[in-house]
Protein chains: 2
Amino acid sequence: MDSVKYVLAEQDIPKFWYNLQADLPEPVPAVLHPGTKQPVGPDDLAPLFPMGLIEQEVSTEREIEIPEPVRDIYRQWRPTPLFRARRLEKMLETPARIYYKYEGVSPVGSHKPNTAVAQAFYNKEAGVKKLTTETGAGQWGSALAMACAFFELELSVYMVRVSYNQKPYRRGLMENYGARVTPSPSNETAAGRAILDEHPDSTGSLGIAISEAVEMAVQDDHTKYALGSVLNHVLLHQTVIGQECRHQMEMAGDEPDILVGCTGGGSNFAGMVFPYLGEGLRGGAKPRVVAVEPAACPMLTKGRYAYDYGDTAHLTPLVKMHTLGSTFVPPGFHAGGLRYHGMGPLVSHATQLGMVEPTSVDQLETFSAGVQFARAEGILPAPEANHAVAAAIIEALRCKAEGTGKSILFNLCGHGHFDIQAYMDYHAGKLTAQEYSEDEIAMALAGLPSVG
Amino acid sequence: MDSVKYVLAEQDIPKFWYNLQADLPEPVPAVLHPGTKQPVGPDDLAPLFPMGLIEQEVSTEREIEIPEPVRDIYRQWRPTPLFRARRLEKMLETPARIYYKYEGVSPVGSHKPNTAVAQAFYNKEAGVKKLTTETGAGQWGSALAMACAFFELELSVYMVRVSYNQKPYRRGLMENYGARVTPSPSNETAAGRAILDEHPDSTGSLGIAISEAVEMAVQDDHTKYALGSVLNHVLLHQTVIGQECRHQMEMAGDEPDILVGCTGGGSNFAGMVFPYLGEGLRGGAKPRVVAVEPAACPMLTKGRYAYDYGDTAHLTPLVKMHTLGSTFVPPGFHAGGLRYHGMGPLVSHATQLGMVEPTSVDQLETFSAGVQFARAEGILPAPEANHAVAAAIIEALRCKAEGTGKSILFNLCGHGHFDIQAYMDYHAGKLTAQEYSEDEIAMALAGLPSVG
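Residues numbered from 1 in each chain as written. Chains lettered and ligands numbered in written order. Predicted model: local features only at pLDDT ≥ 70, side-chain atom pairs only at ≥ 80, totals over all residues. Heavy atoms only, no water.

(A) Local environment of the packing of helix H9 (residues 190-198) of chain A against helix H10 (residues 206-217) of chain A. Residues and elements named next belong to chain A. As a packed pair, H9 and H10 sit with axes 7 Å apart at the nearest point and diverge in direction by 145°. Between H9 and H10, the residues in contact are Ala 190, Ala 191, Gly 192 and Ile 195 and Ile 208, Ser 211, Glu 212 and Glu 215, respectively. Per-class residue counts for the contact of H9 with H10 are four nonpolar, two polar and two charged. (Axes fitted to C-alpha atoms, helices over the stretch in contact; angles between N-to-C directions. Helix = DSSP H or I, 4+ residues; strand = E, 2+ residues; numbered from the N terminus. Contact = heavy atoms within 4.5 Å. Nonpolar A, V, L, I, M, F, W, Y, C, P; charged D, E, K, R; others polar.)

(B) Examining the sheet that holds strand S4 (residues 82-84) of chain B more closely. All names here are of chain B. The sheet built from seven strands is open, its strands ordered S1-S4-S5-S15-S10-S11-S14 with mixed pairing. One side of each edge strand has no neighbouring strand; the edge strands of this open sheet are strand S1 (4-6) and strand S14 (357-361). Shown here is a sheet whose adjacent strand axes are inclined to one another by a mean of 25°, direction ignored. Contacting S1, S4, strand S5 (97-102) and strand S15 (407-412), helix H12 (residues 240-251) crosses the sheet at an angle of about 140° to S5. (Pairing = 2+ DSSP bridges.)

(C) The arrangement of the relation of the copies chain B and chain A in detail. Each copy superposes on the other: chain B lies on chain A with an RMSD of 0.0 Å after a rotation of 180° and an axial shift of 0.0 Å. What the superposition gives is, in effect, a two-fold axis relating one chain to the other. A symmetric contact is evident, with 100% of the interface residues of chain B recurring at the interface of chain A. (Least-squares fit on C-alpha atoms with pLDDT ≥ 70 in both.)

(D) The arrangement of the environment of Ala 85 of chain B in detail. By the element assignment, Ala 85 of chain B lies in the loop between S4 and helix H4 (86-92). Distance in space between the C-alpha atoms of Ala 85 of chain B and Leu 445 of chain B is 41 Å, their sequence separation being 360 residues.

(E) Expanded view of the environment of Phe 274 of chain A. Residues and elements named next belong to chain A. The topology assignment puts Phe 274 in helix H13 (residues 267-281). Counting along the chain gives 198 residues from Phe 274 to Gln 76, while the straight-line C-alpha distance between them is 24 Å. Those residues in contact with Phe 274, other than ones at most four positions away along the chain, are Tyr 18, Leu 20, Leu 235, Thr 239, Leu 346 and Val 347.

(F) Here's a closer look at the pairing of strand S10 (residues 258-262) of chain B. Residue and element names in this part refer to chain B. Burial analysis of S10 places five of its five residues in the buried class, which makes it a mostly covered element. The side-chain alternation of S10 yields two buried faces, one formed by Ile 258, Val 260 and Cys 262 and the other by Leu 259 and Gly 261. Of the pairings in the sheet, the one linking S10 to strand S11 (residues 288-294) comprises five bridges and is parallel in character. For Ile 258, the partnering residue across the bridge sits in S11 and is Arg 288. Following the backbone out of S10, through helix H13 (residues 267-281) and into the adjacent parallel S11, one traces a crossover that is right-handed. Two strands pair when backbone bridges link them, and S10 and S15 are joined in this way by three bridges, in the parallel orientation. By the bridge assignment for S15, Leu 259 is matched with Leu 409. (Buried < 20%, exposed > 50% of the residue type's maximum accessible area, 1.4 Å probe, protein only. Right-handed = clockwise from strand over helix to strand, strands pointing away.)

(G) Representation of the packing of aromatic side chains. All names here are of chain A. As enumerated under the stated definition, the model contains 23 aromatic pairs over all chains in all. Between Phe 367 and Tyr 423, the ring centres sit 5.1 Å apart and the planes meet at 80°, which makes this aromatic pair edge-to-face. You can see Phe 367 sitting in helix H16 (residues 363-377) and its partner Tyr 423 sitting in helix H18 (residues 420-427), a full 56 residues away along the chain. Look at Tyr 423 and you get buried, because its relative accessible area is 1%. (Phe/Tyr/Trp six-rings, centres within 6.5 Å; stacked < 30°, edge-to-face > 60°.)

(H) Expanded view of the interface of chain B and chain A. Listed per partner, the contact involves 49 residues of chain B and 49 residues of chain A. Buried surface at the junction of chain B and chain A, summed over both partners, amounts to about 4000 Å²; 53% is from carbon and sulfur atoms. Broken down residue by residue, the surface that chain B buries against chain A is led by Gln 76, Asn 176 and His 417 of chain B, which jointly contribute 18%. The tally of links from chain B across to chain A stands at zero salt bridges. (Buried area = accessible area lost by both parts, 1.4 Å probe. Salt bridge = Lys/Arg side-chain N within 4 Å of Asp/Glu carboxyl O.)

(I) Spatial organisation of the confidence of the model for chain A. Summary statistics for chain A give a mean pLDDT of 94 and a share of 99% for residues scoring 70 or more. As a predicted assembly, this complex carries a pTM of 0.96 together with an ipTM value of 0.94. (pLDDT = per-residue confidence, 0-100.)

(J) Seen up close, the pairing of strand S7 (residues 154-160) of chain B. Residues and elements named next belong to chain B. Among the seven residues in S7, six count as buried, and that is most of the element. Where strand S6 (residues 130-135) and S7 come together, six bridges link them in parallel fashion. By the bridge assignment for S7, Lys 130 is matched with Glu 154. Two elements, S7 and strand S8 (residues 180-184), share five bridges in a ladder whose sense is parallel. Counted as the bridge partner of Val 157 is Val 181 from S8.

Here is the structure:
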């Protein structure tokens, strides 16, 4: 009676990505042009993305075939293991059965390469020579840097300046793969210079870094832009996670009653739950689906479902999503991957349709959960993943209180080997309960564009 | 034609450890008591280790059953994958077939838990309440900290002071699992105080840290000592690696012509090669076996095969091994796991019998190899593992020069996510070719005890 791992064979790596858009009862609202505020066409997006990805962004095909060169690279770390957390169950004395999918076995320690490799492939295929992107804590940037090394693409990463200075190791990892990393805001772009003129000491934000990366991408034909979450095609690429989970839960002879994932832009969450949501929409089982966000950046629980920009300089198209406003800057906390102002439109749409239960947890609770998990199961979760761990533990303790033996599956989207400082701060009592500011959110929401 | 991973099922985790002592043409020289200089008996070792491990230390049984609770925990990360490095082969334009076993998928990112879990189990079974150990860079300490969390044992780690100060993250990982970490030399022990009296600014060494851990362990009956390499039982526990390799190479339809492992105390090297050496001794195939050590700590290539102490204060038994002398302190370099003065006696014995080819590589060459490997295969190797990568590349390029398509298998014993600073220093041109000092080695060797 100890932890058990469910392992798939190489041939069990999914052969297609699952597209939730095929099964939705009503389509996701259109993306709007930032100038005309009319629905964008493929040509509007062409300066940013290769046509292969634009087609995926709007496709309503249920199954989109994974190109063989992408599957070949997936084989480096996929299929990823699914575990029964027996030691954690014992520690919690819960009758619940707790399962977790572990994406930290990828070479960069997170789920991000699932889409990074696909994006690099489609860009390479389209003759693109160089990509630009932004990164916060660096999980996405390091995944894309690895993918660009595989496909011999140049990469320029705009890294939020506070992370660039405080977290040199993710930067070192990106540079080791051959990427160029620039602290954002920078003097290289008009967007960056505008910020620096007004705030010379700006520590940056994801919204600013996106503006810089987008501005650099549109300047020539051989450079495109890549985003690590939010967009439909990014969430699509992550659905290999949930497809493998379904197969592995079958091996375990069990079915999840509750699915739990943490949400920043929505990619690891969608990757696990979309294949389950689709099954439910087609008449299959409908597990409860819980989306966990930080109390300090509460998009789904406190934001507004409205059209908004993806970046600070308002260079991106407008998408309808749960947003805190593109000027909202959350208080400093240790889950850099969950600090974006907007949610992936497909996750927002599914939430609006009642298919997802949003909830939020405070950072002290997330670290307490992460420490407990590490001592029980060995793996040290990334601070982002700790949100899912915390919510899974809450559900397991509810089962204990109610005396019900439910089955809980959560996505452990990455390891915390780059985040030890955060754990040390937690143990030293330096972390605080992080509250969002009602005023700041109200102010940011007041600035939302008036469309839709 | 891309990298391919060979995955075993959970039931393929080996059921026994393979003991090379069963197949050796002549037995490994006896371990001597540090006082009497006569062969030690089990009772002499009882203050340090539980009887289960002492029996394994001297056993000549070929197969030693892995207890079910240990196998249960192995399932968290075992079987580990074996890869064909097709992208690296292509980059090198070599006709060689390069395979690597990857132990970095364990929760702490290295092979060390293979023995940490076993040692914690046997201690727990014997009623031990607390373990003491030393750690250099922290790979071993973090593995044992995790194992002690699983078995609810207290752990006190003496960490070489220079690493304690410069590498706070491995320390943070150990503390997160619940271990107590003390910089060594410390004021807690007579051995530590003696060093500090003479050198108040001592930055420590593994030999000193071992003295402290041993001194603390022998002070009461409920505390024992644990070592992460060198000893026979430690190397024994690592043989799960090579057994899995044999199975996976069979899946690949290939057989290794050349085996490559890096050597500090010998545990990851022995873990991979001993099952192959045993097969050869029993009349099977005899691949070339290459042991790679740092040019700055050249035990096998420049040391003496002689009886020596395992620690600086000469509290440990005397073992016959390739040694640079227990007072030798190698120059500072970035592979903390390969800085010990002595080699595991079984590895030394096998080398003396001509079964192992020792070689050494310089640290610049190891990092160059590691960067090349990361860009081709994605995984960033630990600096220790870079020694094996470098030697494997040398062999692959020799195949290219000779036009021979040999099969090379090396052990990638851990990932480098805790070692990004070393890579950043390498890229910044701050690392130098590291030379050992002939004079210092001669001086340290002159101090060897006169026995054997």
